[in-house]
Amino acid sequence: MSEVSQDVHPGKVLKRSCEESDDHVAKKVKTDDFTEDERKYPKKKVVLLIAYSGKGYYGMQRNPGTSQFRTIEDDLVTALVKSGCIPQEHCDDMRKMSFQRCARTDKGVSAAGQVVSLKVRLIDDIIEKINEHLPSQIRVLGLKRVTQGFNSKNNCDARTYSYTLPTVAFAPKDFDTKEAAGFRLSPETLDNVNRLFALYKGTHNFHNFTSQKASSDPSARRYITLMSCGQPFIHRENEFAEIIVRGQSFMMHQIRKMIGLVIAVIKGYATDSVIERSWEKEKVDVPKAPGLGLVLEKVHFDRYNKRFGGDGLHEGLEWDKEEKAIKDFKEAHIYPTITETECQEGSMISWMATLPVHDFEATASGSQENKDQKQVNDEPQNDSD
């Protein structure tokens, strides 16, 4: 007795059987190819050293559902998929590749030494292939294997930032900004600037230097190990200086407000005492310097390096071999963006004109708090490092 149903034509059954057989073969080939690909390029936990110019981007961190706000991670993840480092489904859920960044840089902020950790397929010429799909203002400069449980944010001991600004920011408040190009910072004023920056060293309650942090919030306490301003330099007749600050971690806008408050003191809008008063429970109106000059210079993994750097299996997370590439990228993409944009647009001078509206002797006004809150609501900002 035939196994074929009496009301179905045998030819159709044969044709269907062939199609099913072909489908089975196709699926088997596809599965075999995937297995071979996985075997050739196994997923491994790595860190990527990344440099980028933040101009035109709404910060580092990806914000799903807000495609109008382009971020560095949007372009990075797209490049990872196109290069074959990660499958498409990981693009939609970054947790599948255990993605983590060291620092959530804000809108317009650049980086010379950002580090992200993730699982990727170690394809041949991986750095070159990722960079092929990135714009010139974002570059992967290095890659290293790390332990399976490594997390770039949690394993990071400290972050070092720089902030480049025109020295006219430290001119007296009655200085005519039309003569900004001719201003030169005196050694005495530079010493005073560094005296004030040194006050930030140590552990303090920085609730006044970010948004939506109560003085009782333990996360507002941050540890600063270094903050100083270097010797001035000239660019297109304008004088600039670079401020270096290192700490365990920083909250949203914290560095810009630390700098903004010192500028206000140097210019004569506030007295020295406002800095120490800002660490108390009272709400203090702290001005926020422009974001243009801020750069994430380096992230530090001292504890990880001590534990795993010499175990014979893993590399220490130092980037000595990449130093030239880092320097070249900064000179080509970061420094010109900061200095040229400042000379053309005058963001610091425009911001300086807003300092008189701040009340440094009283608590923060309701209008200023509302202004800060509106900015937080309007832009997808980053909570903290």
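Each remark here, short or long, concerns the structure printed above.
Right, let's walk through the structure included here. (Residues numbered from 1 in each chain as written. Predicted model: local features only at pLDDT ≥ 70, side-chain atom pairs only at ≥ 80, totals over all residues. Heavy atoms only, no water.)

Attention now moves to the overall build of the protein. Scanning the protein from terminus to terminus reveals 11 helices and 10 strands. By residue count, 48% of the 385 residues in the protein fall in the buried class. Contacts in the protein between residues at least 24 apart in sequence constitute 78% of all its contacts with a sequence separation of at least 6. Element-wise, carbon and sulfur atoms account for 49% of the exposed surface of the protein, whose accessible area totals about 19,200 Å². (Helix = DSSP H or I, 4+ residues; strand = E, 2+ residues; numbered from the N terminus. Buried < 20%, exposed > 50% of the residue type's maximum accessible area, 1.4 Å probe, protein only. Contact = heavy atoms within 4.5 Å. Areas by Shrake-Rupley, 256 points an atom, 1.4 Å probe, with all protein chains shown as cover.)

This part is about the pattern of salt bridges. Summed over all chains, the structure comprises 13 salt bridges. Here arginine 303 ties to aspartate 157 by a salt bridge, and the two come within 2.4 Å at their closest N and O atoms. With arginine 303 in helix H8 (residues 302-308) and aspartate 157 in the loop between strand S4 (138-145) and strand S5 (158-166), this residue pair connects regions lying 146 residues apart in the sequence. We classify aspartate 157 as buried; its relative accessible area is 14%. A salt bridge links lysine 213 to aspartate 217, with the shortest nitrogen-to-oxygen separation between them at 3.8 Å. (Salt bridge = Lys/Arg side-chain N within 4 Å of Asp/Glu carboxyl O.)

In this structure, glutamine 212 is a non-glycine residue whose phi angle is positive, near 60°. Along the chain, glutamine 212 turns up in the loop between strand S6 (202-205) and strand S7 (221-229). With relative accessibility at 61%, the residue glutamine 212 sits in the exposed group. Of note in the backbone geometry, glutamate 237 takes a positive phi value of approximately 70° without being a glycine. Relative to the assigned elements, glutamate 237 resides in the loop between strand S8 (233-235) and strand S9 (238-247).

Our next topic: the environment of isoleucine 126. With respect to the helices and strands, the residue isoleucine 126 is situated in helix H4 (residues 126-132). Apart from residues no more than four positions distant in its own chain, isoleucine 126 is found in contact with Cys85, Val120, Arg121 and Leu143.

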